[in-house]
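Now for the letters of each chain:
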Amino acid sequence: MSEAAAAIHTEDHAEHHEELSFLYKYILPVDHKMIAMQYMFTGLIMAVIGGYFAYVFRMQLAYPGESVPFFGIVGPGEYNMMVTNHGTIMIFWVAMPVLIAAFGNFLIPLMCGCDDMVFPRLNRLSYQIFLVSALVLILSFFVKGGGFGGAWTAYPPLSSVPEFSLTDWGASLWVLAVALEFVSFLLGGINFVTTAMNARAPGMKMLDIPIAVWFIVIAVILFMASVGPLIAGAVMLFMDQRIGTTFFLPSGGGDPLLWEHLFWFFGHPEVYVVLLPTMGIVADIITVFSRKKLFGYRTVLYTAFATGGLSFVVWAHHQFVAGIDPRMANVFVVTTVLISIPIAEMLFSYIATLYGGSIEYTTPMLWALSFLFAFLIGGVTGIYLGASALDVYFHDSYFVLAHFHYTFFPITIIGMFAAITFWFPKMFGRMMNETLGKIHFWGTFIPFNCIFLPLFFLGLAGQHRRIYNYDHFPDLATEELQDIRVFATASLVIMLIFQVIFLYNFFYSMFKGEKAPDNPWKANTLEWTVPSPPPHGNFKTLPTVYRGAYEYSVPGREMDYWPQNMPPDES
Amino acid sequence: MSTRGPVATHRSSTGIPAGRLAVWWLLASEIFIFGGLIACFVLFKLNGTPGFEDASETSVVAGAFNTFVLLTSSLTVVLAHAAVERGDREKAFTYIWYTFAAGIVFLMVKVYEYSGKILSGHTITENLFWSFYYTMTGLHALHVIGGMVVMALISFDVRKGYNYQRVELIGLYWHFVDLVWIFLFPLFYIANF
Ligand code: HEM
Ligand SMILES: [Cu+2]
């Protein structure tokens, strides 16, 4: 290999000039920080679209049949299209790009102490495929028949037969967009994993890696191992739609349940794919703002492995009423209840980290704490659903919807705000305004609970999901239930209005905020040892690492933090 | 070692070159994709889905011949790697193109098989067996084509004397494509019970 090694990459990196043209700096960058920005802004734009859809369909539920401001009358097809694409967008085009791709890109090289991702051009390609996937999805809203409306789970035959879905091309473009997104994240994953495995600073052992990096890497591995069969399934679904094969059609010998298995074999691990990055981000934030060592670093890490492993054997809890063998359902009840153990253990570790710490209630810390609180509700309600006897009643009701919003909202939205407010100084070199940040926090967190807590009760009262107009169902059209719907919708509108404060704070601070020092939070990890924002190449001299990431308030030291790269004899 | 490009690319905390890690990663994801398809196929077959007896219609001879072609090409790609390790660029170049030629032969046999089957009425929509047959062998053929394109591209670099490590990487990929065929051959050609 020696001769080959000598020949490695002689012509590979022609674009690494000092002065980059606008085109190469902002449109076709290879720098990991700029690619992180691209993912983040694309994700934020998609979040606005997904949020707008939620606004429109919640208004329709609260005021059925009336014209919605900024939209108009909502037809049943449009309603289904918006619900479907709201879910699809929030998971695949917001949670994944922002939490995994944007923060993965930004943090992995900085936290591991290297100058870029291992394969910068592959990194750029992943983003470009991701962008195309987003554009294909948006295009699908405008083709004849409108966007796909068969739910984010896309169960056939509804999704595979145009006469049923009524969205001939909308459904196919939806499948295509999702498949492209998967490919983009498979390619991106190569970079995340190889960089964390191979490009760490000298001295950084496996157990010195910050949890935020670890969890992104585990998430990427889970994604890779679960998405393959669904990619196969997507190819089959696409062929059912376009060439007329019958993989999922009983009339031609196929089996619609097969899709459900393929989908949920991916779908359940996917919830941990998005959960873990936020869990990691939160771990880093709570240690910094409680000035304490992470309680049980190894325990936290090993429970993440356990969760990842178990997440492959729980999927059929989504199919308890789908006609699977009841004996099989029993097995999945057991595994589902088992998986709450590592998750709970992780949460307890975090709470133990907080215990006795000197807690600073900064904006990122508020987000991190509220994540723990809200996610707890999500996890506990999941245990109810995991009991098949209860799930027969709960399934496809608003109880399920409230459950997964108590998991997904904390993960995606709260996690995103926590990460942005925490790393904003590093990303843009300026501080965000704390007062505005706190107003925005309370203006988001209180309405969030007001939206989704009532939905648990609607679900218990028997309100089915995926219904466009409850006036058509006399049992569900009662005044009390309608009042709850109006309350939830009003809370949503309030929450959306508060997002203006965030946008203002974000853009104002980006240009006019107070200049950020290198290490405003007095944190240990390597990204805080470089200028804010880090220059191209990140480190002036590449760092050497001497210790783990969580050495806060070490007894006998004057300083209550201990940067990972500070030589042991200095203080 | 080259000083250009990010330092990250040349680091190796694991002791394994980044390129090899990346290809392993790629192949792992491919295993899950093909694994998903194979699992679906086997489940349908075990369920006694009508149409799967049509496996007797595929030509074992053509399939066996193609198996032989692919196995041979795996050998030539190994020889290309060995040549490049010795620094024998011309030999490596030649062996890469032998491998490429084997790919062409493989594809020609596939075209012959496909056209014969379609002419005798076994189209992709006839029944699930043929749907799987065309989907999986088609996806596999796309992988063969992709590998050939990459091989053609890197062969010239190798002859000029750089990016030698890519021969090993394409070799890993090519073995994988070969391995997938080793699974497809018995499923579609032999197991006609
Ligand atoms: C403590 C762990 C958890 C348990 C025991 C659990 C259990 C369940 C069960 C049994 C269902 C099926 C309910 C039904 O359809 O009748 C479900 C649905 C769901 N869960 Fe969880 N869950 C857990 C954590 C999570 C997390 C972390 C997320 C998200 C990141 C999540 C997201 C979802 C989603 C999206 C659905 C509904 C999918 C749909 O039908 O559209 N869950 N959960
Ligand atoms: Cu699940």
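Bear in mind the structure is a predicted one, so any value in this text is a computation, not a measurement.

Across its full length, chain B holds 6 helices and 0 strands. For chain B, the α and β elements follow one another from N to C terminus as α-α-α-α-α-α. Dimensions of chain B, computed from the C-alpha atoms along their principal axes, are close to 60 × 35 × 20 Å. A buried classification covers 54% of the 193 residues belonging to chain B. Put simply, of all contacts in chain B between residues at least 6 apart along the chain, 78% involve residues at least 24 apart.

Residues and elements named next belong to chain A. For the copper ion (ligand 2), the protein coordination sphere consists of His-268 (ND1), His-317 (NE2) and His-318 (NE2), at 1.8 to 2.0 Å. The sequence pattern describing where the donors of the copper ion (ligand 2) fall on their chain is H-x48-H-H. The distance between the copper ion (ligand 2) and the iron atom of ligand 1 comes to 4.5 Å. Of this pair, His-268 sits in helix 9 (residues 256–290) while His-317 sits in the loop between helix 10 (297–310) and helix 11 (326–354), placing them 49 residues apart in sequence. Each member of the pair, His-268 as well as His-317, carries the same accessibility label: buried.

Before going further, it helps to spend a moment on the pattern of salt bridges. All names here are of chain A. In the structure shown here, the tally under the stated rule is 12 salt bridges over all chains. Across the pair Asp-168 and Arg-242 runs a salt bridge, and its minimum N-O distance is 3.0 Å. Pair noted here: Asp-168 is in helix 7 (residues 168–198) and Arg-242 is in helix 8 (residues 211–242), with a separation of 74 residues, a long-range link. Given the relative accessible area of 29%, Arg-242 is considered partly exposed. One salt bridge connects Arg-465 with Asp-396, and the closest N-O pair in it is separated by 3.5 Å. Of the two residues, Arg-465 sits in the loop between helix 15 (434–460) and helix 16 (479–512) while Asp-396 sits in the loop between helix 13 (388–394) and helix 14 (398–428), which places them 69 residues apart along the sequence. An identical accessibility class is assigned to Arg-465 and Asp-396; each is buried. Within this structure, Asp-396, Arg-465 and Arg-466 form a network of salt bridges that share partners.

To continue, consider the packing of helix 14 of chain A against helix 15 of chain A. Residues and elements named next belong to chain A. Axis separation between helix 14 and helix 15 bottoms out at 7 Å; the angle between their running directions is 165°. Considering the angle they form, helix 14 stands roughly antiparallel to helix 15. Crossing handedness for the pair helix 14 and helix 15: left-handed. Counting all contacts with helix 14, which are made through Tyr-398, Phe-399, Leu-401, Ala-402, His-403, His-405, Tyr-406, Phe-409, Pro-410, Ile-414 and Phe-417, the residues of helix 15 involved are His-440, Thr-444, Phe-445, Phe-448, Asn-449, Phe-452, Leu-453, Leu-455, Phe-456, Leu-458, Gly-459 and Leu-460. Each residue belonging to the contact of helix 14 with helix 15 can be placed in one class, and the counts come to 17 nonpolar, 6 polar and no charged.

What follows covers the environment of Asp54(B). All names here are of chain B. Checked against the element boundaries, Asp-54 lands in the loop between helix 2 (18–46) and helix 3 (60–86). Placed 130 residues apart in sequence, Asp-54 and Leu-184 show a C-alpha to C-alpha distance of 15 Å. In this structure, Asp-54 is in contact with His-122, Glu-126, Asn-127, Phe-129 and Trp-130, ignoring residues within four places of it in sequence.

Attention now moves to a nonpolar patch on the surface. Residues and elements named next belong to chain A. Together, Val-337, Leu-376, Val-380, Ile-383, Tyr-384 and Leu-390 make up a nonpolar patch on the protein surface, roughly 480 Å² of accessible area in all. Looking at the nonpolar patch element by element, the count peaks at 4 residues for helix 12 (residues 363–386). Residue Tyr-384 is classed as partly exposed on the basis of its relative accessible area, which comes to 43%.

About the cut-offs
- Residues numbered from 1 in each chain as written.
- Chains lettered and ligands numbered in written order.
- Predicted model: local features only at pLDDT ≥ 70, side-chain atom pairs only at ≥ 80, totals over all residues.
- Heavy atoms only, no water.
- Helix = DSSP H or I, 4+ residues; strand = E, 2+ residues; numbered from the N terminus.
- Buried < 20%, exposed > 50% of the residue type's maximum accessible area, 1.4 Å probe, protein only.
- Contact = heavy atoms within 4.5 Å.
- Donors = N, O, S within 2.8 Å, 3.2 Å for Na, K, Ca; no water.
- Salt bridge = Lys/Arg side-chain N within 4 Å of Asp/Glu carboxyl O.
- Axes fitted to C-alpha atoms, helices over the stretch in contact; angles between N-to-C directions.
- Parallel < 35°, antiparallel > 145°, perpendicular 65-115°, else oblique.
- Left-handed = near helix turned anticlockwise from the far one by under 90°.
- Nonpolar A, V, L, I, M, F, W, Y, C, P; charged D, E, K, R; others polar.
- Patch = residues over 30% accessible without salt bridge, like charges linked within 9 Å, V, L, I, M, F, W, Y side chains within 5 Å.
- Areas by Shrake-Rupley, 256 points an atom, 1.4 Å probe, with all protein chains shown as cover.

Interpretation note: all reported values are geometric properties and have no functional meaning in isolation.
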